[in-house]
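Letter by letter, the chains look like this.
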Amino acid sequence: MNQIIIGSGNQHKIEEIKAFFSEIKIDFKALPEHRNLTEVVEDGKSYKENALKKARQRALELNEIVLADDSGLSVDYLDGAPGIYSARFGGGGLDDEEKYLKILSILDGVPLEKRKAAFISAVALVDPFKNEEIVVEGRCEGFIAEEPSGANGFGYDPIFYLPKYNKTMAEISQVEKNKISHRARALKKMKAVLIKRYTE
Ligand code: IMP
């Protein structure tokens, strides 16, 4: 069975990716813990550039096929911020809750119709053996809720309101999230490529 390394240190992302591909006959593995890997400098100008950067660097270091995600939250009222800087929003020292509370305080008093937002995910695959790079993107549209709710998921999920469900992303199950999320939409595009290249 072919092996693909998920080039992410984010346990939630790893779980979502593994769950999404659970039926494919590929062995998805997390990054090896014992290896002292150099931090990836995420200085790309887009999600796609950063996803490719992560996958390329890990593929080179490990000599393995690597799949990496770069993602974030884009808020219309903030002209697309925090965007590719979502992980470091507020200066870098804030935890997930502090980051989403900061967004809520900036949007305080802004009516729901002006709180449009999107989660965006770029997923890159780098295969050093076939000398191949593939990158795809997925989006999930929603609104910034007025207050946080839900305990599932991670990051900005508790403030990402999905009108179709009348729930936040943190209130729906992982199974449901993996049908509609930005990452799921990007992974869906990647799925056919993986099946063709690595299972047939
Ligand atoms: P990255 O690890 O550089 O791609 O940073 C992604 C950041 O965007 C995370 O730290 C989260 O704050 C946010 N993010 C990405 N995907 C999700 C998601 O599925 N739910 C909630 N927040 C997310």
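No experiment lies behind these values; they were computed from the predicted model shown. (Residues numbered from 1 in each chain as written. Predicted model: local features only at pLDDT ≥ 70, side-chain atom pairs only at ≥ 80, totals over all residues. Heavy atoms only, no water.)

Enquirer: What's the story with the packing of aromatic side chains in this structure? I'm lost.
Expert: We describe a pair of aromatic rings using the distance from one ring centre to the other and the angle between the two ring planes. For the structure shown, the criterion picks out three aromatic pairs. When the centroid spacing of 5.1 Å and the interplanar angle of 15° are considered together, the rings of phenylalanine 21 and phenylalanine 28 count as stacked. Phenylalanine 28 matches phenylalanine 21 in its accessibility class, with the two residues each being buried. Within the aromatic cluster, the residues linked to one another by ring pairs are Phe20, Phe21 and Phe28. (Phe/Tyr/Trp six-rings, centres within 6.5 Å; stacked < 30°, edge-to-face > 60°. Buried < 20%, exposed > 50% of the residue type's maximum accessible area, 1.4 Å probe, protein only.)

Enquirer: Help me understand the environment of lysine 191, please; the structure alone is not making it clear to me.
Expert: With respect to the helices, strands and loops of the structure, lysine 191 is situated in helix 5 (residues 182–198). According to the relative accessible area criterion, lysine 191 is partly exposed, its value standing at 26%. As a C-alpha pair, lysine 191 and phenylalanine 21 span 170 residues in sequence and 7.6 Å in three-dimensional space. Leave out the neighbours within four places in its chain, and lysine 191 touches Phe20, Phe21 and Ile24. (Helix = DSSP H or I, 4+ residues; strand = E, 2+ residues; numbered from the N terminus. Contact = heavy atoms within 4.5 Å.)

Enquirer: Which parts of the structure should I look at to understand the sheet that holds strand 6 (residues 160–162)?
Expert: Remark on secondary structure: sheet strands pair via backbone hydrogen bonds, oriented parallel or antiparallel. Pairing is mixed across the open sheet formed by seven strands, whose spatial order is 2-1-3-4-5-6-7. Each having just a single partner strand, strand 2 (27–30) and strand 7 (167–168) make up the two edges of the open sheet. The sheet contact formed by strand 3 (residues 65–75) and strand 4 (residues 116–127) spans ten bridges and is antiparallel. Residue pairing across strands places valine 66 opposite valine 126, the latter belonging to strand 4. Where helix 1 (residues 11–20) meets the sheet, its contacts fall on strand 1 (3–6), strand 2 and strand 3, and the angle it forms with strand 3 comes to roughly 115°. On top of the sheet, helix 2 (residues 47–62) reaches strand 1, strand 3, strand 4 and strand 5 (132–144); it is set at about 155° to strand 3, its chief contact. (Pairing = 2+ DSSP bridges. Axes fitted to C-alpha atoms, helices over the stretch in contact; angles between N-to-C directions.)

Enquirer: For this particular structure, what's the right way to read the side chain of aspartate 127?
Expert: Tracing the backbone shows aspartate 127 in strand 4. Buried aspartate 127, no salt bridge; nearest opposite-charge side chain is lysine 130, N-O distance 4.5 Å. Of note is the side chain of aspartate 127, whose polar atom sits 3.0 Å from the backbone nitrogen of lysine 130. Within the structure, the side chain of aspartate 127 is placed 2.5 Å from the side chain of tyrosine 198, a separation counted as a polar contact. (Lys, Arg positive; Asp, Glu negative; His and termini not counted. Salt bridge = Lys/Arg side-chain N within 4 Å of Asp/Glu carboxyl O. Polar contact = N/O pair within 3.5 Å; in protein donor to acceptor, adjacent residues only side chain to side chain.)

Enquirer: What is the right way to read the layout of surface pockets from this model?
Expert: The probe, sized like a water molecule, is rolled over the atoms to show the empty space still left. Estimated volume of the largest pocket: approximately 740 Å³. Lining the largest pocket are 30 residues; nearest its centre among them are Asn10, Lys13, Glu42, Lys54 and Ala87. Of all the elements in the fold, those that place two or more residues in the lining of the largest pocket are helix 2, strand 3, helix 3 (96–106) and helix 5. With four residues, strand 3 is the single largest residue contributor to the lining of the largest pocket. For the lining of the largest pocket, a count of residues per class yields nine nonpolar, nine polar and twelve charged. (1 Å grid on protein atoms, 1.4 Å probe; cavity = no way out; pocket = protein on both sides within 12 Å on 5 of 7 lines; lining within 4 Å. Points joined across faces, edges and corners; volume = space filled by probe spheres on them. Nonpolar A, V, L, I, M, F, W, Y, C, P; charged D, E, K, R; others polar.)

Enquirer: Help me understand helix 5, please; the structure alone is not making it clear to me.
Expert: Helical geometry note: an α-helix holds 3.6 residues per turn, so side chains three or four residues apart project in the same direction. Spanning 17 residues, helix 5 covers 24 Å between terminal C-alpha atoms, matching the ideal 24 Å at 1.5 Å per step. Within helix 5, the axis deviates most sharply at methionine 190, by approximately 30°. Considered for burial, the residues of helix 5 that qualify are His182, Arg183, Ala184, Ala186, Leu187, Met190, Val193, Leu194 and Tyr198. Where helix 5 starts, the residue carrying a side-chain oxygen 3.3 Å from the main-chain nitrogen of arginine 183 turns out to be serine 181. (Expected span 1.5 Å × (residues − 1). Bend = angle between axes of the 7 residues up to and from the residue.)

Note that all results are geometric; they support no functional claim without further evidence.
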